[in-house]
Amino acid sequence: MSATILNGKAFAGRLQERVAEHVAGLKTQGVVPGLAVVLVGEDPASEIYVRNKGIATKAAGMNSYEHKMPAETSEADLLAKVEELNADPAVHGILVQLPLPKHIDDTKVINAIRPEKDVDGFHILNVGRLATGQAAMVSCTPLGCLLLLRDHLGSLSGLEAVVIGRSNIVGKPMAQLLLGESCTVTIAHSRTKDLAGVVRRADIVVAAVGRPEMVPGDWIKPGATVIDVGINRIPAPEKGEGKTRIVGDVAFDSASQVAGAITPVPGGVGPLTIACLLANTVTAACRAHG
Ligand code: GUN
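Residues numbered from 1 in each chain as written. Predicted model: local features only at pLDDT ≥ 70, side-chain atom pairs only at ≥ 80, totals over all residues.

Stated formally: UniProt positions are given in the numbering used here, feature names are shortened, and annotations may be inferred rather than shown by experiment.
Named according to an unreviewed UniProt entry, the protein is Bifunctional protein FolD originating from Pseudooceanicola nanhaiensis. The UniProt entry for the protein carries the following text under Subunit (unreviewed entry): "Homodimer."

Take a look at the structure:
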């Protein structure tokens, strides 16, 4: 059996079209949603993410404000920047790119963002709202995974879901969202005993650990839906000396022989994160002009 490939890129494209339509509607009411992204330092991967976010924001017809700050920026100066953006009525969403330099307390910075502008869904109030089933800004990657799962499976009610990884950005909010869909949810992690056994009983597997191809095909229950959040760069000597390639947390070739559906890496979950960021920004703009 060969799995259906869940084309996150195409799905994200459709989502972005819907966002752009919504933005066009808001513009007729004189509202242009604005997203501010703050990047501290020169991490090359973060620079690429931030650039892509800016391109997508403008492509959807929204205003993009990029604030690049040097790596030596003090915590106080970053907090002052957040305050400035909190007070700016043209800015509906604020995203401070992580990771931040070590001398800055990221929790303090995240919780300084006004919760209604927290399009990352990382603010403690949004985390609490999600956990208690109230309307919240939801972290973009898990939100994208949920939309893709719903699109493919329809109702998730009663399904056995395993989330591998317990990060605040993906694992924990993903588990909350699946619980909200009435799945039976297990969060597995590096200390889980018999990870293979836990994964084998899952109808839905979300892998978000950041370890290249750690989930082999023979852990997957036949017909399961597999969402691979991992983006891992590994050496690819077959492409030439010093070359690399990107793989997920799931061994795609073997898993796709067993799963009912699976996201590829790249082209699966990655594009959905930005689409959900744009959607969250539009939501924030609508609420601000309610
Ligand atoms: N760094 C990697 N992913 C993310 C994300 O979703 N949001 C922010 N703010 N930083 C990140």
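On we go.
### Regarding the packing of helix α1 (residues 8-28) against helix α10 (residues 270-288)
Angle between the axes and distance between the axes: these two values describe a pair of packed helices. Heads up, the condition is: In this analysis an axis means a line fitted to C-alpha atoms, helices contributing only their contacting stretch, and an angle means the value between N-to-C directions, from 0 to 180 degrees. Working definition: helices are DSSP H or I runs of at least four residues, strands are E runs of at least two. Numbering for both runs from the N terminus. Between 65 and 115 degrees an angle is taken as roughly perpendicular, under 35 as roughly parallel, over 145 as roughly antiparallel, and anywhere else as oblique. Crossings are classed by handedness, with left-handed meaning an anticlockwise turn of the near helix from the far one by less than a right angle and right-handed meaning a clockwise turn. We call two residues in contact when their backbone-placed C-beta atoms lie within 7 Å. Residue classes follow a fixed rule: Ala, Val, Leu, Ile, Met, Phe, Trp, Tyr, Cys and Pro count as nonpolar, while Asp, Glu, Lys and Arg count as charged, and any other residue, Gly among them, counts as polar.
Put simply, α1 and α10 touch, their axes get as near as 8 Å, and they point 20° apart. Between α1 and α10, the angle is such that the two are roughly parallel. Between α1 and α10 lies a crossing whose hand is left-handed. Contact with α1, carried on its side by G8, K9, F11, A12, L15, Q16, V19, H22, V23 and L26, involves G270, P271, L272, A275, L278, A279, V282 and A285 of α10 and no other residues of that element. Within the contact of α1 with α10, the residues separate by chemical class into 13 nonpolar, four polar and one charged.

### Structural notes on the UniProt feature "domain: Tetrahydrofolate dehydrogenase/cyclohydrolase catalytic" (unreviewed entry) in the protein
Here the UniProt-annotated "domain: Tetrahydrofolate dehydrogenase/cyclohydrolase catalytic" (unreviewed entry) positions come out as residues 6-120. As annotated, residues 6-120 has a helix share of 50% and a strand share of 16%, and its two end C-alpha atoms lie 24 Å apart.

### Let's talk about α1
Applicable threshold: A helix is expected to span 1.5 Å for every residue after the first. Neighbour counting defines burial: a residue surrounded by 20 or more other C-beta atoms within 10 Å of its own C-beta is buried, one with 12 or fewer is exposed, and intermediate counts give partly exposed, using backbone-placed C-beta atoms. Think of it as the arc spanned by the lines of direction from the helix axis to the C-beta atoms.
Taking 1.5 Å of rise per residue, the 21 residues of α1 would be expected to cover 30 Å, and the 30 Å separating its terminal C-alpha atoms lies within 8% of that figure. Here α1 has its buried residues at G8, F11, A12, L15, Q16, V19 and V23. All buried residues of α1 project into a common sector of 135° when viewed along the axis, lining one side. Projecting away from the buried face of α1 at angles above 90 degrees are the exposed residues A10, G13, R14, E17, A24, G25 and T28. Where α1 is buried, its residues meet α2 (44-59), α6 (140-153) and α10. G30 lies just past α1 and shows a positive phi near 80°.

### Notes on the site of the ligand
Spelled out, the test is: A residue counts as near a molecule or strand when its C-beta atom, positioned from the backbone, falls within 6 Å of it. Each domain's extent was defined by an automatic or database domain assignment.
The local shell around the ligand consists of L95, V96, Q97, L98, D120, C140, T141 and I169. Of all the elements in the fold, those that place two or more residues in the shell around the ligand are β4 (93-96) and α6. For the shell around the ligand, the residue count by class is five nonpolar, two polar and one charged. Both domain 1 (31-125) and domain 2 (140-270) contribute no fewer than three residues apiece to the shell around the ligand.

### A look at helix α5 (residues 124-131)
If you check which residues of α5 are buried, you get N126, V127 and L130. For α5, the buried positions fall inside an angular range of 100° around the axis, keeping them on one side. Of the residues in α5, the exposed ones pointing more than 90 degrees away from the buried face are I124 and G128. Here the buried face of α5 lies against α7 (171-180).

### Section: the UniProt feature "binding site: NADP(+)" (unreviewed entry) in the protein
The UniProt entry lists G165, R166, S167 and I231 under the feature "binding site: NADP(+)" (unreviewed entry), expressed in the numbering used here. By the element assignment, R166 lies in the loop between β5 (160-164) and α7. When residues no more than four places from it in sequence are discounted, the contact partners of R166 are G171, K172, I187 and H189. Locating I231 in the fold gives a position in the loop between β8 (225-228) and β9 (232-235). The partly exposed category is assigned to I231, around which 17 C-beta atoms lie within 10 Å. Every residue in contact with I231, bar those within four places of it in the chain, is listed here: I246, V265 and G270.

### What to know about the domain arrangement of the protein
Each assigned domain of the protein is listed here: domain 1 (31-125) and domain 2 (140-270). For domain 1 versus domain 2, the distance between C-alpha centres works out to 28 Å.

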